[in-house]
Amino acid sequence: MFCREATLLYGAVGAVHLATKDAGQSAGEVDADIDDDGEIEAFIPTTFGKQSDIYGAQLGTKKFDASYLALVGKGQAVGLGTIDKVLATDPQLKTFVTKYAGNNNAFLKDLNECYLKLTTLGYKGTKRND
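Sequence order as written defines residue numbering, which begins from 1 separately in each chain. Only residues with pLDDT of at least 70 get local features here, since the model is predicted, and only at 80 or more are side-chain atom pairs given and counted; chain-wide, interface and lining totals rely on the full set of residues. Based on all heavy atoms of the structure, the side-chain values leave hydrogens and waters out of the count.

Some points on the overall build of the protein chain
We count it as follows: Here a strand is any run of E in DSSP of at least two residues, a helix any run of H or I of at least four, and the numbering for each starts at the N terminus. Here's how the labels work: a residue is buried when its accessible area is under 20% of the maximum for its type, exposed when over 50%, partly exposed in between, all with a 1.4 Å probe on protein chains only. Contacts between residues were defined by any pair of non-hydrogen atoms, one from each residue, lying within 4.5 Å. Where accessible areas are quoted, they stem from the Shrake-Rupley method and a 1.4 Å probe; at the residue level, only the protein chains shown are allowed to cover.
Of regular secondary structure, the protein chain possesses 5 helices and 2 strands. The linear arrangement of helices and strands in the protein chain, starting from the amino end, is α-β-β-α-α-α-α. By residue count, 23% of the 130 residues in the protein chain fall in the buried class. A sequence separation of at least 24 residues applies to 63% of the contacts in the protein chain between residues at least 6 apart. Carbon and sulfur atoms make up 55% of the accessible area of the protein chain, which totals about 9800 Å².

Topic: a nonpolar patch on the surface
For clarity, the cut-off: Surface patches are defined over residues having more than 30% relative accessible area and no salt bridge, joining like charges when they lie within 9 Å and nonpolar side chains (Val, Leu, Ile, Met, Phe, Trp, Tyr) when within 5 Å. Note on definitions: salt bridges are taken to be side-chain nitrogens of Lys or Arg within 4 Å of carboxyl oxygens of Asp or Glu.
Where nonpolar side chains cluster on the molecular surface, the patch consists of L9, Y115, L118 and L121 and spans about 430 Å² of accessible area. By the secondary structure assignment, L121 is in the segment after α5 (104-119). The exposure class assigned to L121 is exposed, which follows from its relative accessible area of 68%.

Thoughts on helix α4 (residues 91-101)
Since one α-helical turn is 3.6 residues long, residues separated by three or four positions face the same way. We apply this condition: Throughout, the arc means that of the directions going from the helix axis to the C-beta atoms.
For α4, the set of buried residues is L93, V97 and Y100. For α4, the angular spread of buried residues about the axis comes to 75 degrees, placing them on one side. Opposite the packed face of α4, turned more than 90 degrees from it, sit the exposed residues P91, Q92, T95 and T98. Each element contacted by the buried residues of α4 is listed here: α1 (3-20), α2 (67-73), α3 (82-89) and α5.

Here's the deal with the packing of α1 against α4
Rules: An axis is simply a line fitted to the C-alpha atoms; with a helix, the fit covers only the stretch in contact. Between two such axes, the angle follows the N-to-C directions and lies from 0 to 180 degrees. Angle categories are assigned with fixed cut-offs, so that under 35 degrees is roughly parallel, over 145 is roughly antiparallel, 65 to 115 is roughly perpendicular, and the rest are oblique. Crossings are sorted by hand: turned counterclockwise from the far helix by less than a right angle, the near helix makes the crossing left-handed, and turned clockwise it makes it right-handed.
The contact between α1 and α4 brings their axes to 9 Å, and the two run at 55 degrees. Considering the angle they form, α1 stands oblique to α4. α1 and α4 meet at a crossing whose hand is right-handed. Along its contact with α1, which presents C3, R4, A6, T7, L8 and Y10, the element α4 presents Q92, L93, F96, V97 and Y100.

Right, here's the structure in full:
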């Protein structure tokens, strides 16, 4: 019943995994302080560099797209264990994997709709964007 949405959400998780799996391996150390609660708190200096550099280097080098679903559709395990298996073996999910693996625009458009549904789930009141 919710196979389309499950595939889209798995595809989003996989896209983030692919985009960030190499992040941090070549990045330098970040200065850290211990706050009042004893937690380590990252210190990001704001006194130098461009405003866009305040959050540090971009994580990963890949873009957010349907490439994860394309790899799963080809039978390649990406490293998400159970998610890879479920998408590759469930016949209902596999239908949507095939659809989105070949059409990045459809993936992004439908993911947008799915995210909107998810964020307004259970909300009673006016419609979003009214």
